[in-house]
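# Report on the structure
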Amino acid sequence: MKILVVGSGGREHVLVWKLTQSPLVENVYCAPGNAGTALDAENVNIASDDISRLLKFARDNAIDLTIVGPEAPLVAGIVDEFRRQNLTIFGPTAAAAKLEGSKVFTKKLLRKANIPTAGFAVFSRMPEAMQYLEECEEQPLVVKADGLAAGKGVFVCANRAEARNAVTSILRDRTFGAAGSQVVIEECLVGHEASILALVDGDTIVPLDVAQDHKRAYDHDRGPNTGGMGAYCPAPLVTSAIMDDIIRRILIPTVHTMKIEGCPFSGVLYAGIMLTANGPKVLEYNVRFGDPEAQPVLMRLRTDLAQVLMLAATGRLAELEDSLDWDPRPAVCVVMASEGYPGEYKKGHAINGIDEANALPDVKVFHAGTAFKNSQIVNTGGRVLGVTAMGDTIADAKQNAYAAVDKIQWTGGWCRRDISDKAQL
């Protein structure tokens, strides 16, 4: 089997790494990839949003399965284009990808399916939005731009004044361009967050082990939101009873309603869940593997990933003979970032110590924002590496991950030091 992985982050590196372990797989290509995927597979110099060139590459190279990592090409319709050419691809159609591409679409679908989520209202004009805020009680609120905004279109507001500023930024100042043509204003849910990922083929749902992400930049959940500074798996806060509740009240109704609405969902359904005092509620949906959640989740997966994703892409998940097999040991992923992230940062610094970190037992360094420059690995992104390790306990996995982190240096490189501590809360 020849497989093409689309994307260039840590999520794509762990996919490449896991797929190359399959006896079913002959070649793995990654477009455009990074320095890590170049070491573990073969990079192809095609941008992840260049759908026409990706199509041509898949045709010319007889690719058996294409796996799309990032959300933008999914929302843009890469799956629709590949299917029109009779090429097998794992991911949702453009219509189904609206679960991530439009927060308004998702909130309305959740309401229609009676799926637990925060109360909300939708606005496209400033006066109506401001009037709504005036009538709200003084309380924390969340303001979201409707479309894709590179993870920056969500404002958690402590009060109405902050909410007014957020609405102004989105609707009047057009900070996020067309992605901010509508806003969602919703109540601020309180509790612990969890990342629920499931493989779906339109009908069958196969949940993955639960992970927990760390969005804030600094220790103890301080600082600005980021794309994710680390994750661990499994997350003990989601008990088997809670997971059963999430499957029954959230995942199944979502997949069923999407089918009824004429946009059946196939791919990774990623539910960001808040565990509130009133039970699990949906914060948001993503339509692809999380990053950095994919790193600890897939590091623990023993089942042949290539086989499972091919079954999902061809509507045959029900043929999966056994439940997924997991390494019982937990895994912790620590993201190492460039100085200044999530703001402006400098690129091109040489990174040292990756080989030494990879030499440690039960450790794999997954690359995100890296490239080769004169045979040297350098940083090219804000989130640079996802240092991932397993251990007999979460505490052991954390210790192993940070032992590997401490082997790696580059000018300005940094990380949070408390990844997985939430498991003890």
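Worth saying up front: this structure is predicted, and the values here are computed from it rather than measured.

### Focus: the overall build of the protein chain
Helix and strand counts for the protein chain come out as 14 helices and 22 strands. Rg of the C-alpha trace for the protein chain: 21 Å, near the compact-globule value of 22 Å for 425 residues, within the 12% margin. The principal-axis extents of the C-alpha atoms in the protein chain amount to approximately 60 × 45 × 40 Å. Evaluated residue by residue, the protein chain yields a buried proportion of 57% over its 425 residues. Long-range pairs, those at least 24 residues apart, make up 67% of the contacts in the protein chain with a sequence separation of at least 6. When the accessible surface of the protein chain is split by element, carbon and sulfur atoms take 47% of a total near 17400 Å².

### As for unusual backbone geometry
Pro234 follows Cys233 through a cis peptide bond whose omega is 0°. For the peptide bond that leads from Tyr341 to Pro342, omega is 10°, which places it in the cis range. Looking at the element boundaries, Pro342 is found in the loop between strand S18 (331-337) and helix H13 (354-358). Residues other than glycine seldom take positive phi values, yet Asn86 does so here, at roughly 60°. Relative to the assigned elements, Asn86 resides in the loop between helix H5 (78-84) and strand S5 (89-90). Look at Asn86 and you get exposed, because its relative accessible area is 72%. In the Ramachandran plot, Asp221 falls in the positive-phi region, its phi being about 55° despite a non-glycine side chain. Tracing the backbone shows Asp221 in the loop between strand S13 (216-218) and strand S14 (222-225). You can call Asp221 partly exposed: its relative accessible area is 33%.

### Quick look at the packing of helix H8 (residues 126-135) against helix H9 (residues 160-172)
Each pair of packed helices can be summarised by the angle the axes make with each other and by the distance between the axes. Relative to each other, H8 and H9 sit at 170°, their axes nearing to 10 Å. What the angle tells us is that H8 and H9 run roughly antiparallel. On H9, the residues that touch Met126, Ala129, Met130, Leu133 and Glu134 of H8 are Arg160, Ala163, Arg164, Val167, Thr168, Leu171 and Arg172. Looking at the contact of H8 with H9, its residues break down into 7 nonpolar, 1 polar and 4 charged.

### With respect to the nonpolar core
In this structure, Ile78, Leu99, Leu385 and Ile408 are the most contacted members of the largest nonpolar core, which totals 75 residues. Sequence-distant contacts of Ile78, that is, excluding residues within four places in its chain, are made with Ile51, Leu54, Val68, Pro73 and Ile89. Formed by 42 residues, the second largest nonpolar core is a distinct cluster that contains Val268, Leu298, Met310 and Leu320.

Procedures and definitions
- Numbering of residues starts from 1 in each chain and follows the order in which that chain's sequence is written.
- Given that this is a predicted model, residues contribute local features only at a pLDDT of at least 70 and side-chain atom pairs are listed and counted only at 80 or more, while totals for whole chains, interfaces and linings are drawn from all residues.
- With hydrogens and water excluded, all non-hydrogen atoms of the structure serve as input to the side-chain values.
- A helix here means a DSSP run of H or I that spans at least four residues, while a strand means a run of E at least two residues long, and both kinds are numbered starting from the N terminus.
- Our radius of gyration is a C-alpha quantity, and the globule rule it is checked against amounts to 2.2 Å times the number of residues to the power 0.38.
- Summary of the burial criterion: residues with accessible area below 20% of their type's maximum are buried, those above 50% are exposed, and those between are partly exposed, where the area comes from a 1.4 Å probe applied to protein chains only.
- Residue contacts are counted whenever heavy atoms from the two residues lie within 4.5 Å of one another.
- Each accessible area value is a Shrake-Rupley result obtained with a 1.4 Å probe; residue values ignore everything except the protein chains displayed when judging cover.
- For every element, the axis is a line fit to its C-alpha atoms; helices are fit only across the contacting stretch, and the angle between N-to-C directions ranges from 0 to 180 degrees.
- To sort the angles, those under 35 degrees are grouped as roughly parallel, those over 145 as roughly antiparallel, those from 65 to 115 as roughly perpendicular, and the leftovers as oblique.
- Note on residue categories: nonpolar means Ala, Val, Leu, Ile, Met, Phe, Trp, Tyr, Cys or Pro, charged means Asp, Glu, Lys or Arg, and polar means any other residue, Gly included.
- In plain words, nonpolar cores are sets of buried Ala, Val, Leu, Ile, Met, Phe, Trp, Tyr and Cys residues tied together by side-chain atoms within 4.5 Å.

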